[in-house]
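The residues making up each chain are set out below.
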Amino acid sequence: MGGYFEQIVILIGINLMLALSLHVVLGETGLFSVGSSAFMAIGAYVATVFFLKFNIPFYACILFAGVFSGLTALIVGIPTLSLKGDYLLMGTFGFAEVTRVVLLNMEVTNGALGIAGIPILSHIHNIYAIFLILFFVTLLLINSKVGRAWRAIREDEIAARALGINTAFYKNVAFVTSAVYAGVAGSLYAFNIGFISPGDFSMVMAFTVYLFIVLGGLGDIYGAMIATALLTALPELLRSAAEYRMMAYGLALIVLVIYFPRGIFDKIGSLKSKLQKMGEAEEEVR
């Protein structure tokens, strides 16, 4: 494929990892977090600094990016995850802003100028290979005792605690897992773009990923993945519309939010069940 279309596919792959990250913490556990942009920034800068300053191998840098993001999430999550609902959202928002300001003022990150000259080492093959590994791990977690605990917390945390589930532990597991995914995505982003700055990891990115999950359907991992691919590609498909491109994109999002409030695929599923019931009713009449 051409370089332009290949870059779109690569961007979809990175966004799929970010969507997985938010799906674990929001879709499965029901925690309203917007810290994915901060963990992505941490992963990108850790991988870049380790590679350029200490000559650490590329795949080891990706591993370190995930580990550092996870450790940061563990430290931040212990006090933050005691908050609930909107307060957790504001707490993770504050953490994301603090991370951005720290990166702007650190010498090793080169401040607002960012870091240039990063070698292009992440390509379509290793990005999608890593995504498939993360996706497989996520499916294993969802279908395990951990996943059942996450869903219990999402549905009713008080009831889950009454049943003997250690809700604080499982919420931290979800938060750390989400951060590891975002850190890996950030490292791959850095080694694909070749330049990073704190402005690349703004709250706009976090809320865009939030949109992927909501429109895909909360708790629906396959819906989230398909919605991510569609919404990442849509602005590029509308590029021929020039100045009307983002207007058309915004209009499409408004329509989706109004007519598909619980996700695109939830609507399709309910339509299929209605058609099935109609068919069963016709058979009974006959």
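To start, this report covers the structure provided alongside it. (Residues numbered from 1 in each chain as written. Predicted model: local features only at pLDDT ≥ 70, side-chain atom pairs only at ≥ 80, totals over all residues. Heavy atoms only, no water.)

Side note on the overall build of the protein chain
Here is step 1: When helices and strands are tallied, the protein chain shows twelve helices and two strands.
Here is step 2: In the protein chain, the succession of α and β elements from N to C terminus is α-α-α-α-β-α-α-α-α-β-α-α-α-α.
Here is step 3: When the accessible surface of the protein chain is summed, it comes to about 14400 Å², and 70% of that surface belongs to carbon and sulfur atoms. (Helix = DSSP H or I, 4+ residues; strand = E, 2+ residues; numbered from the N terminus. Areas by Shrake-Rupley, 256 points an atom, 1.4 Å probe, with all protein chains shown as cover.)

Brief notes about the packing of helix α1 (residues 3-28) against helix α9 (residues 203-216)
Here is step 1: In contact at an axis separation of 9 Å, α1 and α9 are set at 75 degrees when each is read in the N-to-C sense. When the interaxial angle is binned, α1 and α9 end up roughly perpendicular. Along the contact surface, α1 presents N15, L18, A19, L22, H23 and L26, while α9 presents M205, V209, Y210, F212 and I213.
Here is step 2: For the contact of α1 with α9, the class distribution of residues is nine nonpolar, two polar and no charged. (Axes fitted to C-alpha atoms, helices over the stretch in contact; angles between N-to-C directions. Parallel < 35°, antiparallel > 145°, perpendicular 65-115°, else oblique. Contact = heavy atoms within 4.5 Å. Nonpolar A, V, L, I, M, F, W, Y, C, P; charged D, E, K, R; others polar.)

Looking at helix α5 (residues 124-142)
Here is step 1: With 19 residues, α5 ought to run about 27 Å at 1.5 Å a step, and its terminal C-alpha atoms sit 27 Å apart, in line with that.
Here is step 2: Considered for burial, the residues of α5 that qualify are N126, I127, I130, F131, L134, F135, T138 and I142. (Expected span 1.5 Å × (residues − 1). Buried < 20%, exposed > 50% of the residue type's maximum accessible area, 1.4 Å probe, protein only.)

Overview of unusual backbone geometry
Glycine aside, the phi torsion of most residues is negative, and most peptide linkages are trans.
Here is step 1: Here N55, not a glycine, exhibits a phi torsion of approximately 55 degrees, which is positive.
Here is step 2: The residue N55 is located in the loop between α2 (36-54) and α3 (58-80) in this model.
Here is step 3: Under the relative-accessibility criterion, N55 is labelled exposed at 65%.
Here is step 4: One non-glycine residue, N110, lies in the positive phi region at around 65 degrees.

With respect to the side chain of T232
Here is step 1: Relative to the assigned elements, T232 resides in helix α10 (residues 221-237).
Here is step 2: For T232, a relative accessible area of 6% gives the class buried.
Here is step 3: Looking at T232, its side chain comes within polar contact range of the side chain of N15, at 3.1 Å.
Here is step 4: Beyond its immediate chain neighbours, meaning those up to four positions away, T232 contacts L11, I12, N15 and F212. (Polar contact = N/O pair within 3.5 Å; in protein donor to acceptor, adjacent residues only side chain to side chain.)

Here's the deal with the pattern of salt bridges
Here is step 1: All chains considered together, the criterion is met by five salt bridges.
Here is step 2: Two residues, E157 and R161, come together in a salt bridge whose shortest N-O distance is 3.1 Å. In this pair, E157 and R161 both sit in helix α7 (residues 157-162), four residues apart, roughly one turn of the helix.
Here is step 3: E157 gets classed as buried once you look at its relative accessible area, which sits at 14%.
Here is step 4: Residue classification places R161 among the partly exposed residues on the basis of a relative accessible area of 42%.
Here is step 5: One connected set of salt bridges, linked through shared partners, spans E157, R161 and K171. (Salt bridge = Lys/Arg side-chain N within 4 Å of Asp/Glu carboxyl O.)

Some details on α1
Here is step 1: Taking 1.5 Å per residue, 26 residues should reach 38 Å; α1 reaches 36 Å between its end C-alpha atoms and fits that length.
Here is step 2: The largest bend in α1 is about 35 degrees, located at L22.
Here is step 3: Immediately beyond the C-terminal end of α1, within one or two residues, lies G30, with a positive phi of roughly 80 degrees. (Bend = angle between axes of the 7 residues up to and from the residue.)

A word on the nonpolar core
Here is step 1: Judged by nonpolar contacts, the single largest core of 76 residues is most densely connected at M17, L20, F39, L188, I196, F201 and M225.
Here is step 2: The element that contributes the greatest number of residues to this core is α1, accounting for 13 residues.
Here is step 3: Beyond its immediate chain neighbours, meaning those up to four positions away, L188 contacts I14, M17, F58, I62, S122, I127 and I130. (Core = buried A, V, L, I, M, F, W, Y, C linked by side-chain atoms within 4.5 Å.)

Points about the environment of I62
Here is step 1: One can find I62 in helix α3.
Here is step 2: Among the residues examined, I62 registers a relative accessible area of 6% and is labelled buried.
Here is step 3: Through-space distance from the C-alpha of I62 to that of S187 is 5.8 Å; in sequence the pair is 125 residues apart.

As for a nonpolar patch on the surface
Here is step 1: Taken together, the side chains of L63, F64, V67, F68, L71, L74 and I78 present a nonpolar region at the surface, about 630 Å² in accessible area.
Here is step 2: As for its placement among the helices and strands, L74 is situated in helix α3. (Patch = residues over 30% accessible without salt bridge, like charges linked within 9 Å, V, L, I, M, F, W, Y side chains within 5 Å.)

Side note on the packing of aromatic side chains
Here is step 1: Tallying each qualifying case throughout the model produces 14 aromatic pairs.
Here is step 2: One aromatic cluster in this structure is built from F50, F54, F64 and F68. (Phe/Tyr/Trp six-rings, centres within 6.5 Å; stacked < 30°, edge-to-face > 60°.)

A closer look at the side chain of H23
Here is step 1: With respect to the helices, strands and loops of the structure, H23 is situated in helix α1.
Here is step 2: Excluding anything up to four places from it in sequence, H23 contacts E28, I142, I213, G219, D220 and I221.

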